[in-house]
Amino acid sequence: MQLKISHVTEYAYAQPVRYALQRLRLTPQNSPLQTVHSWNTEVEGGTVEARYVDHFGNMVELVSASRDTEAIKVVASGIVETYDKIGVSGPHKAYMPLWLYQRDSALTKPGKLIRELARGIEKGKPLDQLHSLKTELHQAMAYVPGATQTQTLAEDALASGKGVCQDHAQAFVAAARVMGFPARYVSGYLMMEDTPDQAASHAWAEAHVDGLGWVGFDPANDISPDDRYVHIAYGLDYKDAAPISGVRTGTGEEQLAVRITVEQ
């Protein structure tokens, strides 16, 4: 399936910005699950200073704000052809060694609830266990936009019983690691069936299974990723794969607006 994607992020500042540096992870790369036919990132009010591939294998762009700018606009867009392989993306290839994906991070550190969830999964074949975990999380955590923040811990989201795709993905990653699987957070896009317009990008998880490699699981929707999904970035948690992150100096409030369309 060929998907056309547009991701527009606009920052408006009440006072001119003295200094700002943003890290963009908005560029998809070719993989067994997708072929990038075209992609472009445009920045207004800033300059792309550097591009590099990080230790997770993500394409990263560093953007500095123009001096005394009052607005920054980032437009990432292109066409990606996707393939339905039931979420199996294959062998591990990133610079980061596989065993490090079993390491806890600040957002995915398991507490009592996540450990109990992991221990409650019936023993069996690895894929069966992971699919059971996906479904258990889907049932345990209602999808409620605005219920959590980007800094919300996976354990806290599970305790509240509500969250967004980021929370489902991080809770899955945390529990899968407790179960002995290397696991990682994935950010990207999902084409919705009813509308091309979206308020945010999507997130899901992958676990590494012997003999298959990385396999995707989307607890928020209780499905395996198919050709409606576009992979952008990977990491131990949200912070490693956030579409845009950065720092700025100066006073005044910041207003953020995001517009995303994903359509066939």
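Residues numbered from 1 in each chain as written. Predicted model: local features only at pLDDT ≥ 70, side-chain atom pairs only at ≥ 80, totals over all residues. Heavy atoms only, no water.

Trainee: Any chance you could break down helix α2 (residues 126–140) for me, citing the residues and the numbers?
Mentor: For α2, with 15 residues, the first-to-last C-alpha span of 21 Å sits near the 21 Å given by 1.5 Å per residue. Taken residue by residue, α2 has Gln129, Leu130, Leu133, Lys134 and Leu137 as its buried positions. Buried residues of α2, seen end-on, are gathered within an arc of 140° and therefore sit on one face of the element. Where α2 is buried, its residues contact α1 (112–119), α3 (154–160), α4 (165–178), β12 (202–209) and β13 (213–217). (Helix = DSSP H or I, 4+ residues; strand = E, 2+ residues; numbered from the N terminus. Expected span 1.5 Å × (residues − 1). Buried < 20%, exposed > 50% of the residue type's maximum accessible area, 1.4 Å probe, protein only. Arc of directions from axis to C-beta. Contact = heavy atoms within 4.5 Å.)

Trainee: Describe the packing of α1 against α4, with residues and values.
Mentor: Where α1 meets α4, the closest approach of the two axes is 9 Å, and the angle between their N-to-C directions is 60°. By the angle between their axes, α1 is oblique relative to α4. In the packing of α1 onto α4, the handedness of the crossing is right-handed. On α4, the residues that touch Ile114, Arg115 and Ala118 of α1 are Ala174, Ala175 and Val178. (Axes fitted to C-alpha atoms, helices over the stretch in contact; angles between N-to-C directions. Parallel < 35°, antiparallel > 145°, perpendicular 65-115°, else oblique. Left-handed = near helix turned anticlockwise from the far one by under 90°.)

Trainee: Please set out the sheet that holds strand β16 (residues 254–263) residue by residue, giving values where relevant.
Mentor: Ordered by their spatial adjacency, five strands build an open sheet running β3-β6-β1-β16-β11, and the pairing between neighbours is antiparallel. Bordering the open sheet on either side are β3 (34–44) and β11 (197–198), each of which pairs with just one other strand. Relative to strand β6 (residues 69–82), β3 is paired through 10 bridges, and the arrangement is antiparallel. Within β6, the residue paired with valine 43 across the bridge is valine 74. (Pairing = 2+ DSSP bridges.)

Trainee: So what's going on with the environment of glycine 213? Residues and values would help.
Mentor: With respect to the element layout, glycine 213 can be found in strand β13. If sequence neighbours within four positions are ignored, glycine 213 has contacts with Gly90, Pro91, Ala207 and His208.

Trainee: Describe the pattern of salt bridges, naming the residues involved and giving the relevant values.
Mentor: Where side chains of opposite charge bring their charged atoms close, a pairing between them can arise. Evaluated as defined, the whole model comprises seven salt bridges. Arginine 228 serves as the salt-bridge partner of glutamate 193, at 3.4 Å between the closest nitrogen and oxygen. Within this pair, whereas glutamate 193 is found in the loop between β10 (183–190) and β11, its partner arginine 228 is found in the loop between β13 and β14 (229–235), the two being separated by 35 residues in sequence. (Salt bridge = Lys/Arg side-chain N within 4 Å of Asp/Glu carboxyl O.)

Trainee: Talk me through the sheet that holds strand β7 (residues 88–90); I want residue IDs and the actual numbers.
Mentor: Strand order in the open sheet made by the five strands is β7-β13-β12-β10-β14, with antiparallel pairing throughout. Of all strands in the sheet, those with a lone pairing partner are β7 and β14, marking the two edges. Going from strand to strand, the sheet's axes swing by 35° on average, the running direction of each strand aside. In terms of strand pairing, β12 meets β13 through five bridges, oriented antiparallel.

Trainee: An account of α4 is needed here, citing residue identities and associated values.
Mentor: The terminal C-alpha atoms of α4 lie 20 Å apart, and with 14 residues this matches the ideal 20 Å at 1.5 Å per residue to within 8%. α4 sits mainly inside the fold: 13 of its 14 residues count as buried.

Trainee: I'd love a proper account of the pairing of β6, names of residues and values included.
Mentor: Sheet topology places strand β1 (residues 2–17) next to β6; 12 bridges connect them, and they run antiparallel. The residue of β6 that forms the bridge with isoleucine 5 is glycine 78.

Trainee: Describe the nonpolar core, and please don't skip the residues or the numbers.
Mentor: By size, the foremost hydrophobic cluster in this structure holds 33 residues, and its most contacted members are Ile5, Leu26, Ile72, Tyr189, Val230 and Val262. In terms of residues, this core owes the most to one element, β1, which gives five residues. With residues near it in sequence (within four places) discarded, isoleucine 72 still touches Thr9, Glu10, Tyr11, Tyr13, Gln22, Val43, Glu44, Gly45 and Ala65. Counting residues in each nonpolar core, the second largest holds 25 residues, with Leu158, Ala171, Phe181 and Val215 among its members. (Core = buried A, V, L, I, M, F, W, Y, C linked by side-chain atoms within 4.5 Å.)

Trainee: Now, about the environment of glycine 246: what can you tell me, with residues and values included?
Mentor: Among the structural elements, glycine 246 can be located in strand β15 (residues 244–249). Judged by relative accessible area, glycine 246 falls into the exposed class, the value being 54%. As a C-alpha pair, glycine 246 and glutamine 15 span 231 residues in sequence and 18 Å in three-dimensional space. Not counting the four nearest positions on each side in its chain, glycine 246 is found in contact with Leu21 and Gln22.

Trainee: Let's hear about the environment of arginine 25: which residues, and what values?
Mentor: Along the chain, arginine 25 falls in strand β2 (residues 19–27). For arginine 25, a relative accessible area of 7% puts it in the buried group. Along the primary structure arginine 25 and isoleucine 244 are separated by 219 residues, whereas in three dimensions their C-alpha atoms are 6.2 Å apart. The contacts of arginine 25, once residues within four sequence positions are left out, are Asp54, Asn58, Met59, Val60, Ile232, Ala233, Lys239, Asp240, Ala241, Ala242, Pro243 and Ser245. At 3.1 Å, the side chain of arginine 25 and the backbone oxygen of alanine 242 are in polar contact. (Polar contact = N/O pair within 3.5 Å; in protein donor to acceptor, adjacent residues only side chain to side chain.)

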